[in-house]
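Per-entry structural report
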Amino acid sequence: MLQGRKENDPEWIKSIASYVKSGETDKYKKQLRELFLEYTREGLKPMEAWEKAKEVLACFETKR
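Thresholds applied
- Residues numbered from 1 in each chain as written.
- Predicted model: local features only at pLDDT ≥ 70, side-chain atom pairs only at ≥ 80, totals over all residues.
- Heavy atoms only, no water.
- Helix = DSSP H or I, 4+ residues; strand = E, 2+ residues; numbered from the N terminus.
- Buried < 20%, exposed > 50% of the residue type's maximum accessible area, 1.4 Å probe, protein only.
- Contact = heavy atoms within 4.5 Å.
- Areas by Shrake-Rupley, 256 points an atom, 1.4 Å probe, with all protein chains shown as cover.
- Salt bridge = Lys/Arg side-chain N within 4 Å of Asp/Glu carboxyl O.
- Expected span 1.5 Å × (residues − 1).
- Arc of directions from axis to C-beta.
- Core = buried A, V, L, I, M, F, W, Y, C linked by side-chain atoms within 4.5 Å.

What to know about the overall build of the protein chain
When its secondary structure is counted, the protein chain shows three helices and zero strands. Written out in order from the N terminus, the α and β elements of the protein chain read α-α-α. For the protein chain, with 64 residues in total, the buried portion stands at 23%. Restricting the contact set of the protein chain to residue pairs at least 6 apart, pairs at least 24 apart contribute 39%. Roughly 5,000 Å² of accessible area belongs to the protein chain as shown, and the carbon and sulfur atoms make up 53% of that amount.

Structure below.
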């Protein structure tokens, strides 16, 4: 459950927040979000879905 305070957020929320601040392009962020949501719908835990989405996009990495 999100508590609204950094120290209470799950690790996957902290990871996503950090990544969003990283300056990636909006197109890349949208692709990452879509993959994350797809993987969570398939039953992966949020952190697993997040890591898998990043790994999949890294395989197709081009200049952003």
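Focus: the pattern of salt bridges
Evaluated as defined, the whole model comprises one salt bridge. One salt bridge in this structure joins Lys54 and Glu51, with 3.5 Å as the shortest N-O distance. Highlighted residues: Lys54 and Glu51, both in helix 3 (residues 46-59), separated by three residues, approximately one helical turn. Residue Glu51 is classed as partly exposed on the basis of its relative accessible area, which comes to 30%.

Here's the deal with helix 2 (residues 26-41)
Here helix 2 contains 16 residues, and its C-alpha end-to-end distance of 22 Å stays within 8% of the 22 Å for a straight helix at 1.5 Å per residue. All of the buried residues along helix 2 are Tyr28, Leu32, Leu35, Phe36 and Tyr39. Down the axis of helix 2, the buried side of the element spans an arc of 105°, and every buried residue falls inside it. Opposite its buried face, helix 2 presents the exposed residues Asp26, Lys27, Lys30, Arg33 and Arg41, each directed more than 90 degrees away.

With respect to the nonpolar core
Membership of the largest hydrophobic core is limited to 10 residues, which are Ile16, Tyr28, Leu32, Leu35, Phe36, Tyr39, Ala49, Trp50, Ala53 and Leu57. Looking at this core, the elements that each hand over two or more residues are helix 2 and helix 3. The element that contributes the greatest number of residues to this core is helix 2, accounting for five residues.

Overview of helix 3
Between the first and last C-alpha of helix 3 there are 20 Å, a value that for 14 residues agrees with the 20 Å anticipated at 1.5 Å per step. Buried within helix 3 we find Ala49, Trp50, Ala53 and Leu57. The arc that holds every buried residue of helix 3, seen down its axis, measures 100°, which confines them to one face. Facing away from the buried side of helix 3, by more than 90 degrees, are the exposed residues Glu55 and Cys59.

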